[in-house]
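Close look at the chain arrangement
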Amino acid sequence: MKYQAVIGLEVHAELSTESKIYCSCSAKFGADINTHTCPVCTGMPGALPVLNKQVVHYAAKMGLATGCTVNRLCKADRKNYFYPDLPKAYQISQFDVPICENGEVFFYVDGEKKSCRLERIHFEEDAGKLLHDEIDGTVVDFNRCGVPLIEMVTKPDLHSSAEAKEFLEMIKTTLSYLDICDCKMEEGSIRCDVNVSIRPEGSNEFGTRVEMKNINTFSGAVRAIDYEIARQIEVVENGGTIQQETRRWDDVKLKNTVMRTKEDAQDYRYFPDPDLIAVEIDDEWYKQIESEIPELPISRYERYLNEYGMTAMESRQLMDSYSKASLLDAAAASGKVKPKAAANWILSDISKYLNDKELELENTKLTAEKLVDLICLIDAGTISGAAGKKVLVQLFETDETAEQIVERLGLKQVSDEGAILTLVKQVLDSNPKSIEDYKAGKKNVTGFLVGQCMKASKGQGNPQIINKLLAQELAKL
Ligand SMILES: [Zn+2]
């Protein structure tokens, strides 16, 4: 029998606020153990939480960017459970009235446009971390306790690990466009739980779903989903039934094991947090949030593909980086250069420089205006493409304009035909052997002679003019 997988995701993203969600402790990653803590985030009796407004702002922003309805009035609820990394024995989350509902995220899988609906986005606090050590035993680090998260819960609209991966990539890109999450996977800034079930192909019924936790990378999600689909098919094919349970994915052993049988939502005994008041987003604030939503990644991708004539891979590479895509759009908006020409610079020399130096575009001095000037200088024949690469490095590192750099480095291309002709003649005079070879039919000496002319011009001769004049002189022989 053929089976269809039905997959839903719960994605957690840490918001890049300065302070935690309910206290003024720093939310920064990587501090010494238990140094970013206070009575509120360590759950001391009598300590009272105060909501960080930025969390609401960021959560609503993600909601608007994913087509959700933003609930202008929402509240915080306590989710009760015990675990050593949760000192209050409850997590402040949102239950029946999340900040955002009913969204939809679009993405491409192998050139085909797909979508996955979002059931909800809510904000909540992260738990601490247990650090296991063979000598010291287990240490609880509360630094992460109270770091703000948004949880995005999808409808079960995904049907393969490839779809799940592209959906997750689009969520990540969107978070980076909105500048609300640092998206550092290695620091656990984005994590996901996966729900997987299978059903006979063509069926509309849902099978029993299994939840998998402990997934920290998108490639890990792909492996976990593929494993779980295969496991469920094997169970069913062997006459067994799928149990509703939570399984822990082990990305080293590449298998999952049972963690616990599924608890129902009511086990958490959610109730409104009596220490916090309702959250209201008024018209002015809502408009402010709305005004901060940039053009979304998928819209940029489609524009590059359909209007700029780029390949799917080029469009994707540009879309993935907000700063590179913005540089391209700003350069194109100047109207002075072809978008494709600017894109070529961005995807080749600019990307290479940034990779080599491990820099982000915004931490360099390159601007769209400078890039446009550079391309114009090459288009006008003022400098060669090779000289352009030298100028580019300076554009990253200095405040000078492209013209100033060309002047300073003496890179101006010589296009004066009279001057180049003199040079060509000199080269021919000093290479009698090559001329003999040429007369004997060895036409490939031309390449050598062009090289000699370029050398004689100290690399500044316009190669097209050199080629033209050299051919003209050789023809006279
Ligand atoms: Zn604190």
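Residues numbered from 1 in each chain as written. Predicted model: local features only at pLDDT ≥ 70, side-chain atom pairs only at ≥ 80, totals over all residues.

Quick word on the overall build of the chain
Helix and strand counts for the chain stand at 15 helices and 16 strands. A compact globule built from 477 residues should have a C-alpha radius of gyration of about 23 Å, whereas the chain, at 30 Å, is more than 25% larger. Projecting the C-alpha coordinates of the chain onto the three principal axes gives extents of approximately 95 × 55 × 55 Å. A burial count over the chain gives 36% of its 477 residues as buried. Long-range pairs, those at least 24 residues apart, make up 69% of the contacts in the chain between residues at least 6 apart in sequence. (Helix = DSSP H or I, 4+ residues; strand = E, 2+ residues; numbered from the N terminus. Rg over C-alpha atoms; globule rule 2.2 N^0.38 Å. Buried ≥ 20, exposed ≤ 12 C-beta atoms within 10 Å, placed from the backbone. Contact = placed C-beta atoms within 7 Å.)

Looking at helix α3 (residues 218–237)
The end-to-end C-alpha separation of α3 is 29 Å, in line with the 28 Å expected for 20 residues at 1.5 Å each. Those residues of α3 that sit buried are Ala221, Ala224, Ile225, Glu228, Ile229 and Gln232. Down the axis of α3, the smallest arc covering the buried residues is 130 degrees, so these residues share one side. Seen from the buried face of α3, the exposed residues on the opposite side, beyond 90 degrees, are Ala230, Glu234 and Glu237. Structurally, α3 contributes buried residues whose contacts are with β1 (3–14), α2 (161–178), β11 (190–200), β12 (210–215), β13 (245–250) and β14 (255–261). (Expected span 1.5 Å × (residues − 1). Arc of directions from axis to C-beta.)

Remarks on the pairing of strand β8 (residues 129–133)
Burial analysis of β8 places just zero of its five residues in the buried class, a small minority of the element. By the bridge criterion, five bridges tie β8 to strand β9 (residues 137–141) in an arrangement that is antiparallel. Residue His132 lies in a different strand from β9, and its bridge partner there is Thr138. Here β8 folds back onto β9, and the loop between the two strands holds three residues. (Pairing = 2+ DSSP bridges.)

Some words on the sheet that holds strand β5 (residues 90–93)
Taken together, three strands build an open sheet; the order of strands is β5-β4-β15 and the sheet is antiparallel. Strands with a single pairing partner mark the edges of an open sheet, and in this sheet they are β5 and β15 (271–272). Two strands pair when backbone bridges link them, and strand β4 (residues 77–80) and β5 are joined in this way by four bridges, in the antiparallel orientation. Across the sheet, Arg78 pairs through a bridge with Ile92, a residue of β5.

Here we look at the domain arrangement of the chain
Interfaces are often described in size by the accessible area the parts lose on coming together. As assigned here, the chain comprises domain 1 (3–288), domain 2 (295–409) and domain 3 (417–476). On a C-alpha basis, the centres of domain 1 and domain 3 stand 68 Å from each other. (Domains from an automatic or database assignment.)

Re helix α6 (residues 312–320)
Among all positions of α6, only Ser315, Leu318 and Met319 are buried. Along α6, the residues classed as buried sweep out an arc of 100 degrees about the axis, all on the same side. Looking at the buried side of α6, the elements it contacts are α2, α5 (297–306), α7 (322–333) and α8 (339–357).

Side note on the sheet that holds strand β6 (residues 100–109)
Strand order in the open sheet made by the nine strands is β2-β6-β7-β10-β1-β11-β12-β13-β14, with mixed pairing throughout. The sheet is open, and its two edges are formed by β2 (69–70) and β14, each paired on a single side. As paired elements, β13 and β14 share six bridges and run antiparallel to each other. By the bridge assignment for β14, Trp249 is matched with Asn256. With respect to the sheet, α3 is in contact with β1, β11, β12, β13 and β14, its orientation differing from that of β11 by roughly 25 degrees. (Axes fitted to C-alpha atoms, helices over the stretch in contact; angles between N-to-C directions.)

Thoughts on the environment of Glu302
Tracing the backbone shows Glu302 in helix α5. Classification of Glu302 by C-beta neighbours within 10 Å gives partly exposed; the count is 16. Spatially, the C-alpha atoms of Glu302 and Ser315 are 7.8 Å apart, while their sequence positions differ by 13 residues.

Concerning the nonpolar core
Of all hydrophobic cores here, the largest spans 101 residues; its most connected members are Ala59, Phe167, Val194, Ala342 and Val391. Per-domain counts for this core show at least three residues from each of domain 1 (3–288) and domain 2 (295–409). Among the nonpolar cores identified, the runner-up in size contains eleven residues, and Val427, Cys453, Ile465 and Leu469 belong to it. (Core = buried A, V, L, I, M, F, W, Y, C linked by C-beta atoms within 7 Å.)

Quick look at the environment of Ala59
Mapped onto the secondary structure, Ala59 falls in helix α1 (residues 53–65). Overall, the presence of 30 C-beta atoms within 10 Å leaves Ala59 in the buried class. Taking the C-alpha atoms as reference points, Ala59 and Ile180, 121 residues apart in sequence, are found 8.5 Å from one another. Beyond its immediate chain neighbours, meaning those up to four positions away, Ala59 contacts Ile99, Cys100, Ile121, Phe123 and Ile150.

Description of unusual backbone geometry
Of note, the phi angle at Cys183 is positive, near 55 degrees, even though the residue is not glycine. Residue classification places Cys183 among the partly exposed residues on the basis of 17 C-beta atoms within 10 Å. Here Glu358, not a glycine, exhibits a phi torsion of approximately 50 degrees, which is positive. Checked against the element boundaries, Glu358 lands in the loop between α8 and α9 (368–379).

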